[in-house]
Amino acid sequence: MKYDFKSIEAKWQKYWEENNFYQVNEDKTKPKFYNLEMFPYPSGNLHMGHVRNYAIGDVVARFKTMNGYNVLHPMGWDAFGLPAENAAIKHGHHPAKWTYDNIANMKRQLKSLGISYDWRREIATCKPDYYKFTQWMFLKLYEKGLAYKKHSAVNWCPSCQTVLANEQVVEGKCERCDAIVEKKQLEQWFFKITAYADRLLNDLELLTGWPEKVKIMQKNWIGRSEGCEFSMTVEETGDKIPVFTTRPDTIFGVTYMVLAPEHPLVEKISKGKPQEKEVREFIDRMKYLNEITRTSTETEKEGVFTGAHAVNPINGEKIPIWIANYVLMEYGTGAVMAVPAHDQRDYEFARKYNLPIKVVIKGENSPASAEEMTEAYTGDGIMINSGKFDGLRVEEGKKKVISFMEENGIGKRAVHFRLRDWLISRQRYWGAPIPIIYCEDCGIVPVPEKDLPVLLPEDVEFKPNGESPLKYVEEFYKTTCPKCGKEARRETDTMDTFVCSSWYFNRYCSPHSTDVPFTKEAVDYWMPVDQYIGGVEHAILHLMYARFFTKFLYDINMISCKEPFTNLLTQGMVLKDGSKMSKSKGNVVSPEEIINKYGADTARLFILFASPPERDLEWSNQGVEGCYRFLNRVWRTVTSCAENIAGVNLPEKNEALDRDAKALHFKTHATIKKVTEDIDERFNFNTAVSAIMELSNALNDYLNKENKNMGIVKEAIDAMLLLLSPFCPHICEELWHLIGNTESIHLQPWPKYDPDALVQDEIEIVVQINGKVRDKIKVSPEISEDELKQAATQNPRIIELTKDKKIVKIIIVPQKLVNIVVK
């Protein structure tokens, strides 16, 4: 009987779907397990990265189901975004048509992989029944003062014609199209994520199931700094300039002050000064430089003197005020006290512009004067040239200076964060409309909840330059004020798509709710997600925003968990010829081609066998063919035994077995133990598959023996199919029925190993000579080291190979090998 994977896979996919196999409901009699892969953007076709992500998730879901858990395993679509809009401009299709066509195709592809999704719970963020509640989330944030509008210098992508969040700018470029990002002054909507900065940071300690590297990335992005805040006074105008520093111990070493070119005081303090024209020109030039370039250590520090001076409150000294490229308005207060003796950027700037340098921290071997310095000294030491604080070490000096400032009303202790508020306005069409109305009399008015969703108009005309069409659709933007009933204007910006993906995992819990985003009962049963799976590229953006939304929803009593994802697996990329697969490189492998040629089970098996999930995987056609050959061997083995094991009982607990039967019995139970631990404890799917392959080889070896115990054969075949079923669900389902079972293999309990079966009368020891395997010997597991050395050296083959040679030493790895070193 031939392994006809096409008919087998189609048959069982149809059977599982018709019998609602993977539909689940809340069941308090079982432990729950919420298993979730990050939902995809519907770009048109699955790629191998998708296959890897979803195959990993499916193994976990099937394994947990067989272990008695009530498993929620849903799928949906992160469906708003620029590509749909760009496709509309390019091809003349409406973004909705492009999106829904892609969803239909990708859903078909996912079903062809045999993934165990509960498709009743499918969501798409572009559907009104979903984005109604994305808008509801906005209103709730607005009610609590966490959604606000302000005029701000924003990241502008000239190609995408929209604003980008800081996190969406990578090395000065748009993360989507690689265009150079510009700075632009616009009035925009923000979410006050900074209000949750401390909790986002502190609660990282709760995430014991997250990779350490992801937690470090989040910690660094939040960037908590302790120090003090005080103000410098502009001598000429009396204006106060707030400053934050983590080094109050160096305040006596301040020799100049630097403002960001965008600082609101720059124009005022330079007005009428001889430097005014130069200051304006410098500000204009900085508008075209992104913050990555400006703050890079490789960028030359440059600036302009404003003509104004500030007074240092600690000692009354007058210092010049400059503007410079390396100070940003978005970070800190947009003003820096410059201490060139103890900050390398300040040092380079001071040397370039001949500004004074004053040493106020003396290390054991550090210079005591500016003349001796070749670089800034940033190490530990004692304070000097600092008045009554002289002689204090750095840490003590920090505390004493802050206390002095607080006692004298000069400054106060403060904590600052690198994290900025989340800019959510986007000047595009294909996104969730922001539910805000502008009235000349009433100002900013939120759309009443009863009027949600604010629907995207369908009849729109897309501009070739990518400008949003919403501002030109009168029936959309012309409206009436909900408060006073007068004519008003609707907000035409849409929300960042990351808003949609910051709460979607809750919606899966009750996806058909119409009055609320999700019911409390359902979300409290399923949440938090027990296992979340996706790429490490989402470590900051999506995962940070999802944590923020979860904490907010907890605060308004919508959910009972403080963190959304208990365990996180970040899988590696799929590479070909050492590079990430991409159309431009011509190294893309189509999942459909592999499925059509080898079957979904082969595709799944290779992607899980080729590498540990957290590491990058190198594509190998030979590897795929090897997995296909293995499944064919499994097919031949099981089909050849099917009649012989029909009706055969499994071996009794203490049944007497001959040596060969006992060896296969041992291998079966050792494999159950190994595979169980590899999936459940380590996610080492590659070594789990390898162990199943070894069991298959041992079974075939046993079948070649003359006297066979068919109970032992049945035990091995049952175990092999059960262990392999999460990886290759179709072939295992078919073979399970072929050997006489009537109920689905996926409804069977996971096999348990018998500890007594793992007690061996004999173990096999590898014997090496100078590290090369030369023979194997069978010995008692209780054998002593001396007896093992003797057994190895007295082996006839080893005697032959070591004659005329001197044994230098014998190395023993207990229970595994003996290495005889000769010369």
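Residues numbered from 1 in each chain as written. Predicted model: local features only at pLDDT ≥ 70, side-chain atom pairs only at ≥ 80, totals over all residues. Heavy atoms only, no water.

Quick notes on the pairing of strand 1 (residues 32-37)
Link 1 in the chain: Among the six residues that make up strand 1, six are buried, leaving the element largely enclosed by the rest of the structure.
Link 2 in the chain: Judged by which residues are buried, strand 1 turns out to be covered on both faces: Lys32, Tyr34 and Leu36 on one side and Phe33, Asn35 and Glu37 on the other are all buried.
Link 3 in the chain: Two strands pair when backbone bridges link them, and strand 1 and strand 2 (residues 70-72) are joined in this way by three bridges, in the parallel orientation. Directly across from Phe33, in strand 2, lies its bridge partner Val71.
Link 4 in the chain: Note that the unit made of strand 1, helix 2 (residues 48-66) and strand 2 has a crossover that is right-handed.
Link 5 in the chain: Alignment of strand 1 against strand 26 (residues 529-535), held across three bridges, turns out to be parallel. Counted as the bridge partner of Asn35 is Gln531 from strand 26. (Buried < 20%, exposed > 50% of the residue type's maximum accessible area, 1.4 Å probe, protein only. Helix = DSSP H or I, 4+ residues; strand = E, 2+ residues; numbered from the N terminus. Pairing = 2+ DSSP bridges. Right-handed = clockwise from strand over helix to strand, strands pointing away.)

Remarks on the sheet that holds strand 34 (residues 817-822)
Link 1 in the chain: Taking strand neighbours across the sheet as the criterion, the four strands line up as 32-31-34-33 in an open arrangement whose pairing is mixed. The sheet terminates laterally at strand 32 (772-779) and strand 33 (807-813), the two strands that pair on one side only. On average, each strand axis in the sheet is tilted by 20° relative to the strand beside it, whichever way the strands run.
Link 2 in the chain: With four bridges connecting them, strand 31 (residues 763-769) and strand 34 associate as parallel partners. Pairing of Ile769 across the sheet is with Ile820, part of strand 34.
Link 3 in the chain: Seen against the sheet, helix 25 (residues 785-793) touches strand 31, strand 32, strand 33 and strand 34 and runs at an angle of roughly 120° to strand 33. (Axes fitted to C-alpha atoms, helices over the stretch in contact; angles between N-to-C directions. Contact = heavy atoms within 4.5 Å.)

Some words on the sheet that holds strand 29 (residues 579-580)
Link 1 in the chain: If you trace the three strands from one edge of the open sheet to the other, you get 29-28-30, paired in mixed fashion. The open sheet is flanked by strand 29 and strand 30 (617-618), the only strands paired with a single partner.
Link 2 in the chain: Bridge count for strand 28 (residues 574-576) against strand 30 is two bridges, and the pairing is parallel. Among the inter-strand pairings, Leu575 is bridged to a residue of strand 30, identified as Glu618.

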